[in-house]
Amino acid sequence: MELELFSGAFFSALLAIILIDLVLAGDNALIIGLVARNLPKESQKKVIFWGTFGAIAIRALMAILVVYILAVPGFMLAGGLALVWIARKLLTPQENAEENHLVKAPVASFAAAVRTIIIADAVMGIDNVLAIGGASHGSILLILIGLAISVPIIVWGSQLVIKLVDRYPSVILVGGAVLCWTAYGMITREPMLVTWFEAHPAAKLILAVLAFSIALAPWYAERLSEQMKPLTVLLPAILIWMLGFEVAASVWKVQADYLTATTQGEYLMEGLRWIGWLPLAALFLWVRERLVLRTARLARSAQ
């Protein structure tokens, strides 16, 4: 349906697109700013330019191919996993980082920064394209206007993010949280998994905590005591263990949902689900302690 130019419906749709851009294009600006923040000042503007160019080019391409992209099995799942990886990369601290900084990521090369931005834009842009496509009611002109409005928002927003991160390093956590939440939303909207998640509502909570645990692990590992650092491995591992039992219940057609078991096999699975990870966790802690002691002995002998 092509809207009449400069009609009330046209301006109403345009206002909706502007609001969508302010919300969703802000995500792209946040990622571009976070990735560019550790580059030399003279390279930051180039990264912002090429990152913005890439974001707009990808959205234009997606606007044409969105129907085909969404039909690719596993696209939303793969995109969600990619965002978790990017969030973890953004929050990975630099060696010997200053203690006063929340996270100081490794200095990236220009090519690596642009590559990370393009990947994030390609994954996150799908929501923007779908939202603008719906608000435009099929109007090509409104879609083009929506893409054009994105440009100043991303450029200005990226520059603002760099300034904020320099002054308030905790802004990086906001970026990681945005990526994790987007990743969670993409995975749960994967067409191949929608029905399964509806049948296993507990899995959604586990997945959400798992995404945040994996992505934020580099951040909280820097702030935990040596005795507590194993949590960076144990917490995601336990969540994967729990999620695995949800999957197993579907494959084997058994009940493994809290205290609703009825058969002997279901009771066994229930027991394994809740306490089976304990000996594995104990083994991990024992092996880790042995490795730490061995490393300490080798360091003393080398002196």
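About the thresholds
Residues numbered from 1 in each chain as written. Predicted model: local features only at pLDDT ≥ 70, side-chain atom pairs only at ≥ 80, totals over all residues. Heavy atoms only, no water. Core = buried A, V, L, I, M, F, W, Y, C linked by side-chain atoms within 4.5 Å. Buried < 20%, exposed > 50% of the residue type's maximum accessible area, 1.4 Å probe, protein only. Helix = DSSP H or I, 4+ residues; strand = E, 2+ residues; numbered from the N terminus. Contact = heavy atoms within 4.5 Å. Patch = residues over 30% accessible without salt bridge, like charges linked within 9 Å, V, L, I, M, F, W, Y side chains within 5 Å. Areas by Shrake-Rupley, 256 points an atom, 1.4 Å probe, with all protein chains shown as cover. Salt bridge = Lys/Arg side-chain N within 4 Å of Asp/Glu carboxyl O. Axes fitted to C-alpha atoms, helices over the stretch in contact; angles between N-to-C directions. Parallel < 35°, antiparallel > 145°, perpendicular 65-115°, else oblique. Left-handed = near helix turned anticlockwise from the far one by under 90°. Nonpolar A, V, L, I, M, F, W, Y, C, P; charged D, E, K, R; others polar.

**Student:** Please set out the nonpolar core residue by residue, giving values where relevant.
**Tutor:** Formed by 43 residues in total, the largest nonpolar core has its most connected members in Ile 31, Leu 34, Leu 83, Leu 90 and Leu 179. Looking at this core, the elements with two or more residues in it are α1 (8–36), α2 (41–70), α3 (75–90), α4 (110–135), α5 (140–167), α6 (171–188) and α8 (201–221). Dropping the residues within four chain positions of it, Leu 179 is found in contact with Ile 31, Leu 83, Ile 86, Ala 87, Leu 90 and Met 124. Grouped together as the second largest cluster of nonpolar side chains are twelve residues, Ile 187, Trp 196, Leu 239 and Met 242 included.

**Student:** Quick rundown of a nonpolar patch on the surface? Include the residues and the values.
**Tutor:** Where nonpolar side chains cluster on the molecular surface, the patch consists of Phe 49, Trp 50, Phe 53 and Phe 110 and spans about 440 Å² of accessible area. With three residues, the top contributor of residues to the nonpolar patch is α2. Considering the arrangement of structural elements, one finds Phe 110 in helix α4. Judged by its relative accessible area of 33%, Phe 110 is partly exposed.

**Student:** Residues and numbers for the packing of α3 against α6, please.
**Tutor:** Put simply, α3 and α6 touch, their axes get as near as 8 Å, and they point 165 degrees apart. As summarised for this structure, α3 and α6 are arranged roughly antiparallel, according to the angle between their axes. Here the hand of the crossing between α3 and α6 comes out left-handed. Facing Met 76, Leu 77, Gly 79, Gly 80, Leu 81, Leu 83, Val 84, Ile 86, Ala 87 and Leu 90 of α3, the residues of α6 in contact are Ile 172, Gly 176, Leu 179, Cys 180, Thr 182, Ala 183, Met 186 and Ile 187. Per-class residue counts for the contact of α3 with α6 are 14 nonpolar, four polar and no charged.

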